[in-house]
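Structural overview
One letter stands for each residue in the lines below.
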Amino acid sequence: MTLTPNNAGWIEVICGSMFSGKTEELIRRIRRAEIAKMKTIIFKPKIDSRYSSNHIVSHNQSKLESVLAKNANEIIDRSVGMDVIGIDEAQFFNDDIINVCKTLAKQNKRVVVAGLDKDFQGIPFGPMPALMCEADYLDKFRAICVKCGNPASCSQRTIKDSKQVVIGESDVYEARCRNCFEAPKN
Ligand code: ZN
């Protein structure tokens, strides 16, 4: 990735399906910034008690400390003095997260946002389409389809539940390609 000059902020978006390595990539970028002695902080949305750990953890068990944000706007106040702001699970914030990212970038901060681009029905997830549009740098990652081994960009829910947010990992979701993905019936 070519970085923009000093004294400029920008937005990086890392998106893709579940199991595509988004959080792993977010952790890698934040670690690189820490090595460069930059001040970093990572936020994730407070969704429910099962999600209240103060770390982000990737599927390969890499982890970094994170701050739980009850809403998008509190991220601005808590980012004062920081150089690099990481935001994980951005799809769970409301649309305020879009302006929050733009504000931070205008304050010459580097904003690294990771999130699911599509929900379990294959529909664009919350603020992600707008964040992808605002991104100065955009990476879309794929997983590997558990059915056929092709590149996978869909998150298949393996239990019957019509809520948009069902927290879980490999017990509730698996990666599927476009052909093997079965949109849930209502
Ligand atoms: Zn497949």
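Figured I'd write up the structure that's included with this text. (Residues numbered from 1 in each chain as written. Predicted model: local features only at pLDDT ≥ 70, side-chain atom pairs only at ≥ 80, totals over all residues. Heavy atoms only, no water.)

1. Considering the nonpolar core
Core analysis: the biggest nonpolar cluster contains 24 residues, and Val13, Ile75, Ile87, Ile97, Cys101, Val113 and Leu131 have the highest contact counts within it. Broken down by secondary-structure element, the contributors of at least two residues to this core are β1 (10–16), β2 (40–45), β5 (67–69), β6 (84–87), α3 (96–106), β7 (110–116) and α4 (128–134). Looking at this core element by element, the count peaks at six residues for α3. Apart from the residues lying within four places of it in its own chain, the contact partners of Val113 are Ile11, Glu12, Val13, Ile14, Ile87, Ala90, Cys101 and Leu131. (Core = buried A, V, L, I, M, F, W, Y, C linked by side-chain atoms within 4.5 Å. Buried < 20%, exposed > 50% of the residue type's maximum accessible area, 1.4 Å probe, protein only. Helix = DSSP H or I, 4+ residues; strand = E, 2+ residues; numbered from the N terminus. Contact = heavy atoms within 4.5 Å.)

2. Let's talk about the sheet that holds strand β8 (residues 137–141)
Pairing in this open sheet of six strands is parallel, and the strands run β5-β2-β6-β7-β1-β8 from one edge to the other. Two strands close off the open sheet at either side, each with one partner strand: β5 and β8. Each strand of the sheet is rotated relative to its neighbour by a mean of 20 degrees, with strand direction disregarded. With seven bridges joining them, β1 and β7 adopt parallel strand pairing. Across the sheet, residue Ile11 finds its bridge partner in β7, namely Val111. Contacts from helix α1 (residues 22–35) reach β1, β2, β6, β7 and β8 within the one sheet, and its direction differs from that of β7 by about 165 degrees. (Pairing = 2+ DSSP bridges. Axes fitted to C-alpha atoms, helices over the stretch in contact; angles between N-to-C directions.)

3. With respect to the side chain of Glu89
Structurally, the position occupied by Glu89 is in the loop between β6 and α3. Among the polar contacts made by the side chain of Glu89, one reaches the side chain of Gln91 at a distance of 2.8 Å. (Polar contact = N/O pair within 3.5 Å; in protein donor to acceptor, adjacent residues only side chain to side chain.)

4. What to know about the coordination of the zinc ion
For the zinc ion, the full set of protein donor atoms is Cys145 (SG), Cys148 (SG), Cys177 (SG) and Cys180 (SG), and the range of their distances to it is 2.3 to 2.4 Å. For the zinc ion, the four donor atoms in the first shell make angles of 102 to 118 degrees at the metal, so the coordination geometry reads as tetrahedral. Sequence spacing of the donor residues for the zinc ion, all on one chain, is C-x2-C-x28-C-x2-C. Judged by its relative accessible area of 3%, Cys145 is buried. (Donors = N, O, S within 2.8 Å, 3.2 Å for Na, K, Ca; no water. Tetrahedral: all angles 85-135°; square planar, octahedral: opposite > 155°, others 65-115°.)

Interpretation note: all reported values are geometric properties and have no functional meaning in isolation.
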